[in-house]
Amino acid sequence: MVRIECYSAPTSLREALQLLAKYGDRARVLAGGTDLVLRLEGVDRDLEGALVNIKQVPGLVGVRAVDDVYRIGALTTVTELREDPVVAEHMPVLADICDHFASGQIRNAATIGGNLVNASPAADLAVPLLLLDARVRLASLEGDQPRERELSLGDFFRGPGVTALEAGELLTAVVVPRPPPGFRARMRKAGTRPAMDISIVSVGVGFCVDGGLIRDARVALGATAPTPLRCPAAEKTLEGRPPDAATARAAAQSAVEAARPIDDVRASAWYRRHLVRVHLEREVLHVGRG
Ligand SMILES: Cc1cc2nc3c(=O)[nH]c(=O)nc-3n(C[C@H](O)[C@H](O)[C@H](O)COP(=O)(O)OP(=O)(O)OC[C@H]3O[C@@H](n4cnc5c(N)ncnc54)[C@H](O)[C@@H]3O)c2cc1C
């Protein structure tokens, strides 16, 4: 039986932040509920604080181009990301993964903010957003006024289910800088089915090809360590080399060495390393072919 002291659906950011400030670590933000509701039936069963439904807070939905960044509201659902023309044109690697995310029903409810704050090492939106150098905006109250700080997504993830979000803070948006001209990226989610499955491993790579050589290389891995992560060693291996088979092999080797996978019910650590190698090698060649 879940015992919740206060349920509230605030209609302004300030009101939401006031509730979060009042209840501190006894508050839970409710977005799509696809992760939280399961927690309330499990680890958070004895929550005696507040459930703050943020669905009516204005300004948290949708994708907008603002100056040299794209701003994605925290409540934007996976379905909305999948159908958004700005995402399709400028962040296709993010649109593509939405096709492999859960089922239609879950995609209609699941939000980008919830996916990141839930901080599963296998969170599907994390890898494309790491490739896109995304940052998160975190709001809290200063006195009686909302203020925001910004953090790179890499710094936001701290461990399985743990983020840099502090008590009283709300993730309001994900900010993606415009990728460099000619930047191409791909992600591969390895699971037992094409969708409706948690990743065994996910691998993403992106770069530009300039004069036949790779530049702005980015590599990201999911489900291979306590958090989704960028892989600077593999990026260094790619930088300045042609996108050929030898480069792909070398980058895959660097990524395998950086991965720290575990054995669990879905796969052994050995198999996860194998998948990182195979998929990264393939994806480097795919991106190189354009
Ligand atoms: C059947 C099923 C299939 C799934 N398949 C996948 C899959 O394929 N890939 C995948 O990555 N995930 C999958 N998930 C997990 C889940 O759907 C996603 O992680 C989803 O994006 C969570 O978003 P939400 O809006 O439902 O979050 P919620 O459940 O509402 O919240 C999740 C957590 O984030 C906090 N939170 C939410 N929004 C904010 C915010 N703006 N600021 C601060 N804290 C916030 C909540 O308090 C909670 O702790 C699946 C879940 C189910 C039930």
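Residues numbered from 1 in each chain as written. Predicted model: local features only at pLDDT ≥ 70, side-chain atom pairs only at ≥ 80, totals over all residues. Heavy atoms only, no water.

K.L.:
Kindly report on the overall build of the chain, identifying the contributing residues and their values.
P.N.:
Across its full length, the chain carries 12 helices and 14 strands. For 290 residues, the compact-globule formula gives about 19 Å, and the C-alpha radius of gyration of the chain, at 19 Å, lands near that figure. Principal-axis analysis of the C-alpha atoms gives the chain an extent of 60 × 45 × 30 Å. Going through the 290 residues of the chain one by one, you find that 49% of them count as buried. Within the chain, contacts between residues at least 6 apart in sequence are counted, and of these 62% link residues at least 24 apart. Of the accessible surface of the chain, which amounts to about 13,100 Å², a share of 51% is contributed by carbon and sulfur atoms. For the chain, the distance from the average site of its 36 positive side-chain charges to the average site of its 36 negative ones is 4 Å. (Helix = DSSP H or I, 4+ residues; strand = E, 2+ residues; numbered from the N terminus. Rg over C-alpha atoms; globule rule 2.2 N^0.38 Å. Buried < 20%, exposed > 50% of the residue type's maximum accessible area, 1.4 Å probe, protein only. Contact = heavy atoms within 4.5 Å. Areas by Shrake-Rupley, 256 points an atom, 1.4 Å probe, with all protein chains shown as cover. Lys, Arg positive; Asp, Glu negative; His and termini not counted. Charge placed at Lys NZ, Arg CZ, Asp CG, Glu CD.)

K.L.:
Provide a residue-level description of the pattern of salt bridges, including the pertinent values.
P.N.:
If charged atoms from side chains of opposite charge come close, those side chains can pair. Within this structure, the stated rule accounts for 18 salt bridges. Between Asp133 and Arg218 there is a salt bridge whose closest N-O contact spans 3.5 Å. One end of the pair, Asp133, is in the loop between helix 8 (126–131) and strand 6 (135–142); the other, Arg218, is in strand 13 (residues 213–222), and 85 residues separate them in sequence. (Salt bridge = Lys/Arg side-chain N within 4 Å of Asp/Glu carboxyl O.)

K.L.:
Account for the domain arrangement of the chain, naming residues and giving values.
P.N.:
Its domain assignment divides the chain into domain 1 (6–53), domain 2 (63–177) and domain 3 (184–289). Across the contact, 23 residues belong to domain 2 and 26 residues belong to domain 3. Sorting the residues of domain 2 by area buried against domain 3 places Pro121, Val127 and Leu131 first, and these three jointly supply 34% of that buried surface. Applying the counting criterion to the domain 2 and domain 3 interface returns 3 salt bridges. Ionic pairing is found between Lys189 and Asp124, a salt bridge with its closest N-O pair at 2.6 Å. (Domains from an automatic or database assignment. Buried area = accessible area lost by both parts, 1.4 Å probe.)

K.L.:
So, the pairing of strand 12 (residues 201–210): which residues are in play, and what are the values?
P.N.:
In terms of burial, strand 12 is largely enclosed, as 8 of its 10 residues are buried. With 8 bridges joining them, strand 12 and strand 13 adopt antiparallel strand pairing. Note on strand 13: the bridge partner recorded for Ser202 is Gly222. Counting the residues that bridge the hairpin from strand 12 to strand 13 gives 2 residues, and of these Gly211 lies at a positive phi of roughly 60°. (Pairing = 2+ DSSP bridges.)

K.L.:
Describe the sheet that holds strand 6, with residues and values.
P.N.:
Strand order in this open sheet of 5 strands is 4-5-10-6-7, and the pairing throughout is antiparallel. Every other strand in the sheet has two partners, leaving strand 4 (63–66) and strand 7 (145–152) as the edge strands with one partner each. Each neighbouring strand pair of the sheet contributes to a mean axis angle of 30°, computed without reference to strand direction. Sheet topology places strand 4 next to strand 5 (residues 69–73); 4 bridges connect them, and they run antiparallel. Counterpart to Val66 in the pairing with strand 5 is Val69. The strands that helix 1 (residues 13–23) touches are strand 6, strand 7 and strand 10 (170–177); relative to strand 6, the one it contacts most, it runs at about 75°. (Axes fitted to C-alpha atoms, helices over the stretch in contact; angles between N-to-C directions.)

K.L.:
Outline the packing of aromatic side chains, supporting the account with residue identities and numerical values.
P.N.:
All told, the structure shown has 1 aromatic pair when counted by the stated rule. The residue whose ring lies beneath Arg218 is Phe183, and the NZ or CZ to ring-centre distance is 4.6 Å. (Phe/Tyr/Trp six-rings, centres within 6.5 Å; stacked < 30°, edge-to-face > 60°. Lys NZ or Arg CZ within 6 Å of the ring centre and 35° of its normal.)

K.L.:
Can you tell me about unusual backbone geometry, naming the residues and giving the values?
P.N.:
In this model, Asp67 sits at a positive phi of 50°, which is unusual for a non-glycine residue. With respect to the secondary-structure elements, Asp67 resides in the loop between strand 4 and strand 5. The backbone of Ala102 sits at a positive phi, close to 45°, despite the residue not being glycine. Inspection of the secondary structure assignment puts Ala102 in the loop between helix 5 (92–98) and helix 6 (104–109).

K.L.:
Residues and numbers for the site of the ligand, please.
P.N.:
The environment of the ligand is formed by 29 residues, the closest being Val29, Thr34, Asp35, Leu36 and Thr111. In this structure, an oxygen atom belonging to the ligand sits 2.6 Å away from a main-chain N or O atom of Val29. In the model, an oxygen atom of the ligand is placed 2.7 Å from a nitrogen or oxygen of the Gly32 main chain. Protein chains shield 87% of the accessible area of the ligand, which is 990 Å² for the free molecule. Among the elements of the structure, strand 2 (27–30), helix 6, helix 7 (112–118) and strand 10 are those that each provide at least two residues to the shell around the ligand. Considered class by class, the residues forming the shell around the ligand number 17 nonpolar, 8 polar and 4 charged. (Near = heavy atom within 4 Å. Polar contact = N/O pair within 3.5 Å; in protein donor to acceptor, adjacent residues only side chain to side chain. Nonpolar A, V, L, I, M, F, W, Y, C, P; charged D, E, K, R; others polar.)

K.L.:
Give me the lowdown on the sheet that holds strand 13, citing residues and values where you can.
P.N.:
With antiparallel pairing, 4 strands are arranged side by side in an open sheet as 11-12-13-14. Looking at which strands have only one partner, the edges of the open sheet turn out to be strand 11 (184–190) and strand 14 (229–230). The strands touched by helix 12 (residues 269–289) within the sheet are strand 11, strand 12 and strand 13, with strand 12 carrying the most contacts at an inclination of about 25°.

K.L.:
Please provide a residue-by-residue account of helix 12, values included.
P.N.:
The end-to-end C-alpha separation of helix 12 is 30 Å, in line with the 30 Å expected for 21 residues at 1.5 Å each. The elements touched by buried residues of helix 12 are strand 11, strand 12, strand 13, helix 10 (232–238) and helix 11 (245–258). Note on helix 12: the residue one or two positions beyond its end, Gly290, has a positive phi of about 85°. (Expected span 1.5 Å × (residues − 1).)

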